[in-house]
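# Structural characterization, general
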Amino acid sequence: MTEEDAAAALIQAAQGLFEAGVMSASGHANLSARVEREQMLITAQGGVRGLQSSQLALVNLDGKVIRGSLEPTMREIVDMHTLIYRQRDSVGAVIHTHSPGLLAFAMANRDLPCRYEALLRFGQAEPVPVVTWAPRGSHRSVEGIAEALGRSAGTMAVLLGNHGVLVFGPDPAGARALLVVLEEAARGELAAAELGGSVEFPDGALEEVRRSMARARQ
Ligand SMILES: [Zn+2]
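Residues numbered from 1 in each chain as written. Predicted model: local features only at pLDDT ≥ 70, side-chain atom pairs only at ≥ 80, totals over all residues. Heavy atoms only, no water.

### A few points about the sheet that holds strand 6 (residues 130–131)
Note the cut-off: The pairing criterion for strands is at least two bridges between them, as found by DSSP. The helix and strand labels rest on DSSP assignments: H or I over at least four residues marks a helix, E over at least two residues marks a strand, and numbering proceeds from the N terminus. Should any heavy atoms of two residues lie within 4.5 Å, those residues are considered in contact. For helices, the axis comes from a line fit to the C-alpha atoms of the stretch in contact; other axes are also lines fit to C-alpha atoms, and the angle between any two N-to-C directions lies between 0 and 180 degrees.
As summarised here, the arrangement of the eight strands in space is 4-3-2-1-5-8-7-6, forming an open sheet in which the pairing is mixed. Each edge of the open sheet carries a strand with a single partner, namely strand 4 (65–67) and strand 6. Summarising the sheet, strand 2 (residues 39–43) and strand 3 (residues 56–60) pair through five bridges and their orientation is antiparallel. Residue Ile42 lies in a different strand from strand 3, and its bridge partner there is Ala57. Against the sheet, helix 1 (residues 3–19) contacts strand 1 (29–35), strand 2, strand 3, strand 4 and strand 5 (93–97), and its axis sits at roughly 155° relative to strand 1. Together, strand 7 (157–160) and strand 8 (164–169) form the strand contacts of helix 3 (residues 100–107), whose direction differs from that of strand 7 by roughly 65°.

Okay, structure coming up:
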């Protein structure tokens, strides 16, 4: 993706999150998109309501700012994004939010189960693992995310314990779409709990989806 395309896609994705009603009241999020192979364009501040291209910074995957400037608090966020790009070659965009339904799972330190059909269509055919809380941007926090990605090789999202969620995809539109269905899944789980709890897919269903996704990737 060129820097210009990445900027347009990030602005559209940020707007799409508000339109879908998946943002927390604070409007806090950070979004990034891979530019060429070794750089990313990332939101330079914590609030993304009415995001504009002047509020994006170009950073390389070692965390060095190439153009623009980051708010001091954003420095801690950068490592979280670069880690995903370095660990997963196929990832072209990363989004972090405090979406309310997903936040409930993060605060309860519970994995989000995979029991919602829409998750399968967006390639999430396994539970979203939760990473135990550690100070933001600390070595321990980044290590925890890396470990979760290693353990759950097929997951396209991780819950950040007591904090929020980190979702990734091939591009900003894909990551936004997955975030929306993850939030629907989280709210569905919470609502189903009132009815005695959601139920698992029939035996073998998830394996079947994972096999067909693996074939589609070949
Ligand atoms: Zn956050």
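### Side note on the coordination of the zinc ion
Put simply, the test is: Distances up to 2.8 Å from the metal define which N, O and S atoms are donors, and 3.2 Å serves for Na, K and Ca; water is absent from the atom set, so sites may look incomplete. A 1.4 Å probe rolled over the protein chains alone gives each residue an accessible area, and that area as a share of the maximum for its type sets the label: buried under 20%, exposed over 50%, partly exposed in between.
Each protein donor to the zinc ion is listed here as His96 (NE2), His98 (NE2) and His163 (NE2); together their distances run 2.1 Å. Along the chain, the residues that donate to the zinc ion are spaced as H-x1-H-x64-H. Pair noted here: His98 is in the loop between strand 5 and helix 3 and His163 is in the loop between strand 7 and strand 8, with a separation of 65 residues, a long-range link. Residue classification places His98 among the buried positions, given a relative accessible area of 16%. A relative accessible area of 15% places His163 in the buried class.

### Overview of the environment of Leu149
Tracing the backbone through its elements, the reader meets Leu149 in helix 5 (residues 139–151). When its relative accessible area of 3% is taken as the criterion, Leu149 is described as buried. Counting along the chain gives 86 residues from Leu149 to Gly63, while the straight-line C-alpha distance between them is 20 Å. The residues contacting Leu149, other than those within four sequence positions of it, are Ile84, Gln87, Arg88, Thr155, Val158 and Phe168.

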